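Okay, here's what each chain looks like letter by letter:
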Amino acid sequence: MAGKGRVKVTKGGSYQVSGGLPLTKMVIEADSNGIALSWRRIETYPEKENYTLCRCGKSKNKPYCDGSHMKSGFEGTETADRSPYIKGAKFYDGPELKLTDKRELCVGAGFCTRAGNIWNLTTNSDNPEYRKTAIQEASDCPSGRLVEWDKKGKALEPVLKPGIAVTEDQDGVAGPLWVIGGIDIEASDGYVYEKRNRVTLCRCGKSEACPLCDGSHLGE
Ligand code: FES
């Protein structure tokens, strides 16, 4: 099944998921200061070959679509930037690592702030402990805003089995859908977005970069 999974964005409606992609719920574990430490799976939804997930935020049967989008006037127009990740990403060069950062993909998960923050860790990546932490922080970044690269130019991506996770932060705030493992995401007009290991899709209906999450669920 892996590799055949697909997410189709429908016009003014849900995400149609096909190919038997596993669906789980993942929450952020944090320390006593609220700093994000790791992801923890707390639920596995029943296996289904095909299912539809809410993207308008109005369903009474979340994470699934219950048709509420038809009554709410949800538009969900797709306005996400379709240029490749690397275009417009900022580069931060360190002795053993290079970091790319595409700020507009931030969903506020906050893993990058731990242990002095990923930018400082990258700058000091000749320290093996800092290097390891920097790679872990980038790997935990759900949207793929942050990517660490080795000095030969190889992306240090985590190995992720294709699937979708409904996310929640350490304060119980509902976060985006985390689409992992290089799954095809097809726009309502048939365009296929850049295939990436880590992508976050809006499920509150408020993003101004639909279908991608832009952190709007966190409010002002
Ligand atoms: S997209 Fe159908 S209820 Fe939200």
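Fair warning: this is a prediction, and the values are worked out from it, not measured in the lab.

Once that is clear, we can look at the state of the cysteines. One pass over the structure, following the stated rule, counts 0 disulfides. For the unlinked cysteine Cys141, the closest cysteine sulfur is that of Cys112, found at 6.8 Å. Judged by its relative accessible area of 9%, Cys141 is buried. Between Cys204, a cysteine without a disulfide, and Cys202, which holds the nearest cysteine sulfur, the sulfur-to-sulfur distance is 3.9 Å. We classify Cys204 as partly exposed; its relative accessible area is 24%.

What follows is about the pattern of salt bridges. Per the counting criterion, the structure on display carries 10 salt bridges. The closest approach of N and O atoms between Asp184 and Arg6, which form a salt bridge, is 3.2 Å. Taken together, the residues span a long stretch of sequence, with Asp184 in strand β11 (residues 184–186) and Arg6 in strand β1 (residues 6–9) at a distance of 178 residues. Note that Lys25 and Glu168 form a salt bridge whose closest N and O atoms lie 3.1 Å from each other. Placement of the pair is Lys25 in strand β3 (residues 23–30) and Glu168 in strand β9 (residues 163–168), with a sequence separation of 143 residues.

This brings us to the domain arrangement of the protein chain. The domain boundaries assigned to the protein chain delineate domain 1 (6–81 + 159–218) and domain 2 (90–149). Taken residue by residue, the interface counts 19 residues in domain 1 and 19 residues in domain 2. Overall, the association of domain 1 and domain 2 removes approximately 1,400 Å² of surface from exposure, summing both partners, and the carbon and sulfur fraction of that is 56%. Per-residue buried area on domain 1 facing domain 2 is highest for Trp39, Arg196 and Arg198; these three make up 36% of the total on that side. Where domain 1 touches domain 2, the interface holds 0 salt bridges. Our count for the domain 1 to domain 2 interface comes out at 7 residue pairs in polar contact (both at pLDDT 80 or more). Looking at the side of domain 1 that touches domain 2, the elements with two or more residues in it are β4 (36–44), β10 (174–180) and β12 (198–201). The leading source of residues in the side of domain 1 that touches domain 2 is β4, at 4 residues. For the side of domain 1 that touches domain 2, the residue count by class is 11 nonpolar, 4 polar and 4 charged.

Let's shift gears to the layout of surface pockets. Roughly 380 Å³ of internal volume is contained in the largest pocket. What lines the largest pocket is a set of 23 residues, and nearest its centre among them are Ala80, Asp81, Ser83, Leu105 and Leu212. At 4 residues, the largest contribution of residues to the lining of the largest pocket is made by β12. By residue class, the composition of the lining of the largest pocket is 12 nonpolar, 4 polar and 7 charged. Taken domain by domain, the makeup of the lining of the largest pocket includes at least three residues from each of domain 1 (6–81 + 159–218) and domain 2 (90–149). The space that makes up the second largest pocket amounts to roughly 290 Å³. In terms of lining residues, the second largest pocket is bounded by 16 residues, among which Thr24, Met26, Arg41, Lys161 and Ile180 are the most central.

In this section: empty space enclosed by the protein. A complete count under the given rule lists 2 cavities of 30 Å³ or more for this structure. Its boundaries defined by the atoms lining it, the largest cavity holds a volume of some 90 Å³. Along the walls of the largest cavity sit 13 residues, with Cys106, Ala109, Gly110, Cys112 and Cys141 positioned nearest its centre. Partitioned by chemical class, the residues of the lining of the largest cavity number 8 nonpolar, 3 polar and 2 charged. Lining the second largest cavity are 13 residues, with Cys54, Arg55, Cys56, Cys65 and His69 positioned closest to its centre. Tallied by class, residues from the lining of the second largest cavity come to 5 nonpolar, 6 polar and 2 charged.

The sheet contact formed by strand β6 (residues 90–93) and strand β7 (residues 98–101) spans 4 bridges and is antiparallel. Counted as the bridge partner of Asp93 is Lys98 from β7. Counting the residues between successive antiparallel strands, the hairpin from β6 to β7 contains 4 residues. In terms of strand pairing, β7 meets strand β8 (residues 146–149) through 4 bridges, oriented antiparallel. The partner of Leu99 across the bridge, within β8, is Glu148.

The rules behind these values
Residues numbered from 1 in each chain as written. Predicted model: local features only at pLDDT ≥ 70, side-chain atom pairs only at ≥ 80, totals over all residues. Heavy atoms only, no water. Disulfide = S-S within 2.5 Å. Buried < 20%, exposed > 50% of the residue type's maximum accessible area, 1.4 Å probe, protein only. Salt bridge = Lys/Arg side-chain N within 4 Å of Asp/Glu carboxyl O. Helix = DSSP H or I, 4+ residues; strand = E, 2+ residues; numbered from the N terminus. Domains from an automatic or database assignment. Contact = heavy atoms within 4.5 Å. Buried area = accessible area lost by both parts, 1.4 Å probe. Polar contact = N/O pair within 3.5 Å; in protein donor to acceptor, adjacent residues only side chain to side chain. Nonpolar A, V, L, I, M, F, W, Y, C, P; charged D, E, K, R; others polar. 1 Å grid on protein atoms, 1.4 Å probe; cavity = no way out; pocket = protein on both sides within 12 Å on 5 of 7 lines; lining within 4 Å. Points joined across faces, edges and corners; volume = space filled by probe spheres on them. Pairing = 2+ DSSP bridges.

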